[in-house]
Every structure is written in structure tokens, then in C-alpha cells.
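Examination of the molecular architecture
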Amino acid sequence: MAALVVGALLGTGCTPPPGRDPGTDDAGRAPDRAPTTSVGASARWRACPELAREIAGRPAPGTRYDCATVTVPRDWPRPAGPAAATTAATVAGPGAGAGPTAATTPTGRSGGADPTGAGGDTGTMEIALLRARAGDQRRRIGALLVNPGGPGGSGIETAVHLSFGPGSGGLPREVLRRFDVVGFDPRGVGRSSPVDCIDDRDLDASFGADPDPVEQRDFDALVALNRRIGDRCAARYGADGLARYATVQAARDMDAVRAAVGDDKLTYLGYSYGTLLGATYAQLFPHRVRALVLDGAVDPGQDMVAASEGQARGFEQAFRAFAAWCRRTPARCPIGPDAAAAARTALAKARVSPARGRDGREATAGWVFYAIVAALYAQGRWPQLAAALDELAGGDPATVFALADAYADRDRRGRYSNMFDAFVAVSCADEEVRPTPERVRALQRQWRDRYPLFGGALATGLLACGQWPGRPDRYPAGPATGAPPILVIGTVGDPATPYEQAPRLARMLGVGRLLTWEGEGHTAYPETACVTRAVNAYLIDLTAPRDGLRCPPA
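Predicted model, so just to flag it, every value in this text is computed and none were measured. (Residues numbered from 1 in each chain as written. Predicted model: local features only at pLDDT ≥ 70, side-chain atom pairs only at ≥ 80, totals over all residues. Heavy atoms only, no water.)

**Overview of the nonpolar core**
The condition that has to hold: Residues enter a nonpolar core if they are buried and are Ala, Val, Leu, Ile, Met, Phe, Trp, Tyr or Cys, with the set joined through side-chain atoms within 4.5 Å. Summary of the burial criterion: residues with accessible area below 20% of their type's maximum are buried, those above 50% are exposed, and those between are partly exposed, where the area comes from a 1.4 Å probe applied to protein chains only. Segments assigned H or I by DSSP are reported as helices when at least four residues long, segments assigned E as strands when at least two residues long, and all are numbered from the N terminus. What makes two residues a contact is simply this: any of their non-hydrogen atoms within 4.5 Å.
Counting 134 residues, the largest nonpolar core has F319, F322, L376 and F454 as the members making the most contacts within it. Counting residues per element, this core draws most heavily on helix α11 (residues 304-328), which supplies eleven residues. The contacts of F454, once residues within four sequence positions are left out, are A312, F315, E316, F319, F369, I372, V373 and L376. Membership of the second largest hydrophobic core comes to 41 residues, among which are A60, F179, I540 and C551.

This is the structure:
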């Protein structure tokens with residue numbers, strides 16, 4: 001099950017929800033249900049400021065929040081039931097029509113969703129939306145649809161955090177004044193017909209397990225854990241049902257969302273896995289693209305083994321940058337001049353005598369590893385990583401758990417969101433070729449030699465989809481013929497979606513304009529003035545930067 005959070009998760013570049021502090025405890029409540037709309041109608045919104053308070057603690061000043069739900073066919077190529085009848089003739093190819101809409105409100109993980117995720121006999125799923133509209137909006141262009149990555153990240157939570165504007169990790173004021181920010185939870189995620197088949201105990205076991213087991217019995221235990229989880233998910237949803245969570249289905253849902261918010265063409269900001277979702281949309285609906293920003297690019301042409309090895313290289317590179325920072329700034333890095341030695345020592349000690357937290361949980365090698373991974377996503381977390389390893393050496397794992405729990409979306413009560421249920425369901429539905437345990441074991445040994453800190457764990461991570469029983473439904477990997485220029489952003493020091501994927505995605509789309517940020521961390525917009533100017537001009541005025549533009553680190 002290390003695969004769930006290493007090989008597959010990191011392979012697509014999932015990040016913790018933006019703007020959240022480590023250990024944040026989400027209430028997970030939702031507004032009351034609102035009436036539905038007719039097929040093809042615009043979504044009917046209801047005010048939901050309480051959802052912004054639950055997600056961020058308070059609404060952004062001067063911002064209105066509204067919620068709605070779009071109802072879509074469970075299986076777009078083969079819609080069934082009365083709700084899908086109108087769309088059946090138009091969903092077969094690019095430019096397919098939007099599905100029916102409904103103005104219901106989001107539901108949480110335990111909100112009584114149909115166990116099959118199929119919406120009962122209607123053969124539908126519900127896609128939850130949140131719209132954030134700034135009070136000073138003027139010369140409105142339309143909706144900016146956002147997705148944070150994962151798969152499994154909540155676009156609803158992302159829209160709330162982005163609505164706070166600059167200075168709080170949000171979007172620039174110029175963008176907030178011109179667009180409604182619309183977040184959606186993709187099918188199976190959060191409040192959108194959530195997939196729910198991995199219990200909290202198994203997730204604790206997964207995160208706590210040694211991510212790079214040397215002994216065969218420990219490796220076999222990971223294989224068995226992944227198999228048990230897959231069997232439970234298959235028992236709940238069926239092998240065919242699990243295939244319905246594929247990216248290609250979610251991309252068609254996006255077109256239903258575009259129609260529901262009343263836009264003729266889509267304006268979209270996708271981070272990390274969200275770039276794969278956006279690229280798939282561009283191939284299916286090229287003539288319905290207004291502007292797509294794909295930041296932290298995923299290469300659709302690579303298989304999961306290549307993606308995992310690329311991440312092993314990326315995280316090794318990111319850790320070397322962190323170690324160099326430690327040497328340059330010893331006053332801010334208490335673990336000394338050799339950060340790699342400190343990390344190896346922390347992992348080795350955690351394998352034999354893990355420190356115990358205040359709640360009795362042991363800081364095993366798995367939790368230490370994910371704390372390191374979480375901190376490498378952003379350069380601003382490097383001081384926290386140095387403090388975490390220093391405190392752990394003194395017997396206090398509190399900061400290690402804070403980092404790892406934020407990454408895992410685990411609250412103080414030991415409860416998880418459905419982020420990883422959705423992650424594994426989507427990731428494995430997207431994969432046609434899944435490595436066997438025997439091949440994973442061989443790769444583990446090879447990659448451990450090449451990438452000492454991260455290679456073995458990234459190889460072991462491949463077990464999740466190797467044990468997955470769901471049928472695959474692969475997304476396309478080709479040009480977006482007929483689409484306008486699409487902005488693809490890559491960060492030179494990105495560990496989760498290594499930079500080399502960005503030029504490959506731009507070339508594959510045929511209309512890609514590559515923007516390079518010469519910085520550290522996962523994703524680039526709006527990190528610097530150079531990146532922000534280029535993206536703002538593209539989103540607002542449709543002025544795409546010249547292909548190959550490079551922005552300095554600061």
C-alpha cells in the first residue's frame with residue numbers, strides 16, 4: 001500500500017490541499033440539498049458561505065460563495081437511464097454535449113452516497129461545484145474552473161483558498177476581478193459521488209509501513225495489504241464500476257460543468273494531475289477551449305513505471321537542493337551540514353526504535369518518509385523539515401506527524417478524507433499495464449542503488465495498481481487539433497512532476513506554449529512576477545507567451 005501514497009500518488013503529483021496548515025481538522029459538513037434543474041439547463045446556485053468557513057475558517061472578505069451540483073452519466077460512452085437519454089446521441093466523440101444539471105449541494109464522505117457510486121437506477125453521478133465571486137468583480141469574462149491535482153484533490157477546497165487573493169496563497173486580484181473561480185470535485189472525490197472503500201486502519205497501516213522493505217516477509221506483507229484493499233473495493237463497486245472513475249470520464253464531466261456555468265468555451269487552471277485532466281479535455285473538446293493553464297505538467301505518454309522512476313530522480317534532486325540550502329544557511333538548518341546523513345539516520349532509527357507521539361502513535365519509517373516527501377513539495381517548507389528531523393532526533397515526532405498528516409489528509413482524530421480512495425481508483429483505472437510484484441521487487445533493488453533515499457519506495461509504490469482489480473480505461477495521448485494555444489508550465493526543481501514532462505506535454509498537444517520557471521518546488525503560478533504576468537495576460541487577454549519563455553527563480 002506504499003504504492004497508494006508513493007508510486008501512484010507521487011507519480012501523478014498529488015499535493016496536500018493548498019492553504020491548509022498541517023494537522024488541520026476539517027468538519028466535513030455540507031449545506032442542505034437544493035432543487036434540481038432540467039437537462040441542459042444552467043446550474044441553479046444557492047449561497048453556501050458556511051462551506052467556506054468549514055474549509056478555510058472564514059470566507060474571504062468581500063467574496064460570495066454559491067454551491068450547485070451537475071448530474072452526469074456514470075459512463076459517458078454508454079449512458080443509461082432517463083437522466084442520460086438526452087445526451088446519449090452526443091457523447092460519442094469530441095465536442096460531445098454536456099450532461100444534465102442539478103442544483104443540489106455537496107455531500108461528504110459519509111453523506112449516504114450510493115455504494116456503487118452510480119446514483120441508483122438512474123446511472124448517474126453528481127459533480128459538486130463551488131463558485132467564488134469577488135465583490136469588486138468588473139468586466140467579467142466568465143468562470144475559471146480549477147483543479148489542484150491528485151487525483152483526489154478537492155477543487156472545491158482549492159477554489160475557496162484561491163479566492164483569498166495574493167498574500168494568502170490565492171489568485172492575483174486582476175484574475176479575481178475578471179472571473180468567477182469555480183472549483184469542482186471530480187467524480188469519486190470528496191463531495192462528488194465519493195468512492196469510499198479503504199478504511200482508516202488500512203490507511204494508517206499503509207502510511208506507517210516501511211516504504212522500502214528489505215526483508216521478503218515485509219515486502220510480501222505490503223503485497224497482501226494492497227491485495228486486500230483491492231478486493232474490498234472490488235466487492236463494493238465491482239471491477240467495471242471501478243473503471244468509471246477514469247480520467248477520460250472526468251474530462252467529459254468537465255464539459256458538463258462548462259455548460260452548467262453558462263460558458264461557451266472553457267477557461268481552466270489545472271495543477272499537477274489537473275494538467276492531465278486538462279490535456280484530456282483539450283483532446284476530446286478542442287473547439288471548446290478558451291484558455292487552459294497546465295501547471296506542473298504530467299506527460300500522458302509515459303507509463304506508470306517511467307513516471308515513478310522520474311519521480312525518484314525528481315525527489316533525489318529536490319533533497320539535494322534542500323541539503324545545499326542547509327549547508328548555506330546553518331542557522332536555519334539545525335540538522336547540520338549533512339542533511340542526507342540526518343535523513344538516513346532518522347529512517348534507520350525509526351525502523352528499530354520509533355519515537356512515540358502524544359497520542360501513542362509511533363513515528364515509524366513510513367511516517368518519517370512522508371514527512372520528508374511533504375516538505376519537498378515547496379521550498380518554504382524546508383525549515384520545517386529541518387526542524388522536524390532535529391526534533392525527532394531528540395525524541396519528539398510532533399512536527400514529523402504534522403507534515404505527514406497534512407500530506408495524508410489525516411485529521412487529529414485519525415480520520416482520513418477520501419482523497420486516497422479516489423486517488424487509487426482513478427490512477428489504476430488509467431493504467432493498462434500494471435507491473436507484477438516480481439517486477440516491482442526487481443525494480444526496488446535497482447532504483448535503491450540509483451536513488452538512495454527515494455528509489456526503493458517509488459518502486460514499491462507500484463504495487464497498488466499491480467494488485468488493483470478494476471478494468472482500465474486509458475485516456476488519449478495525442479494532439480489537441482483545432483484548439484487555441486495552451487499554456488504548459490514546468491518548474492526546473494519540481495520533484496513531483498519532474499520538469500522534463502512539461503516540454504513533452506507541450507509537444508504532444510501540438511498547440512502547447514512552454515513556460516519554464518527556474519525555481520524549486522511543485523508548480524509555479526503565481527510564485528513570481530514573471531510567471532504571474534505571463535499567466536494573467538493569457539487568462540485575461542488570451543495573449544499567450546512566446547514558446548520557451550523562461551522565468552527566473554525570484
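**Remarks on the sheet that holds strand β2 (residues 63-73)**
Definition in use: DSSP calls a pair of strands paired once it identifies at least 2 bridges connecting them. Note on method: axes are straight lines fitted to C-alpha atoms, helices fitted across the in-contact stretch only, with angles between N-to-C directions ranging 0 to 180 degrees.
What the ten strands build is an open sheet, ordered β1-β2-β3-β5-β4-β6-β7-β8-β9-β10; its pairing is mixed. Bordering the open sheet on either side are β1 (46-47) and β10 (549-551), each of which pairs with just one other strand. Against the sheet, helix α21 (residues 529-541) makes contact with β4 (142-147), β5 (179-184), β6 (266-271), β7 (289-295), β8 (486-493), β9 (512-520) and β10, and its axis sits at roughly 160° relative to β7, the strand it touches most.

**Let's talk about the pairing of β9**
To be explicit about the condition: Throughout, right-handed denotes a crossover for which the path from the first strand over the helix to the second runs clockwise when the strands point away from the viewer.
Looking at chain direction, β8 and β9 are connected through seven bridges and run parallel. Along β9, the bridge assignment pairs G490 with T516. In the classification by handedness, the crossover that spans β8, the intervening helix α20 (residues 501-509) and the parallel β9 is right-handed. The pairing of β9 with β10 spans three bridges and is parallel. Across the sheet, residue L515 finds its bridge partner in β10, namely L549.

**Section: unusual backbone geometry**
Cis peptide bonds are those with omega within 30 degrees of zero, and the linkage from G150 to P151 qualifies with -5°. With omega at -5°, the peptide bond leading from Y525 into P526 counts as cis. Structurally, P526 can be placed in the loop between β9 and α21. Unusually for a residue other than glycine, T523 sits at a positive phi of about 80°. Within the element layout of this structure, T523 appears in the loop between β9 and α21. Positive phi, close to 60°, is recorded for L542, a residue that is not glycine. Within the element layout of this structure, L542 appears in the loop between α21 and β10.

**Regarding the state of the cysteines**
Rule in force here: The definition used for a disulfide is geometric: two cysteine sulfur atoms within 2.5 Å.
Counted under the stated rule, the structure contains five disulfides. In this model, C197 is linked to C233 through a disulfide, with the two sulfur atoms separated by 2.0 Å. Disulfide C197 to C233: torsion about the S-S bond roughly 85°, handedness right-handed. A residue pair is termed long-range when its members are at least 10 positions apart, and C197 in the loop between β5 and α6 (200-208) and C233 in helix α7 (residues 216-237) qualify at 36 residues. Across the disulfide, C326 is cross-linked to C333 (sulfur-sulfur distance 2.0 Å). Disulfide C326 to C333: torsion about the S-S bond roughly 65°, handedness right-handed. Its relative accessible area of 2% is what places C326 among the buried residues. Residue class for C333 comes out buried when judged on its relative accessible area of 3%. Taken in N- to C-terminal order, the disulfide-linked cysteines of the chain are connected 1-2, 3-4, 5-6, 7-8, 9-10.

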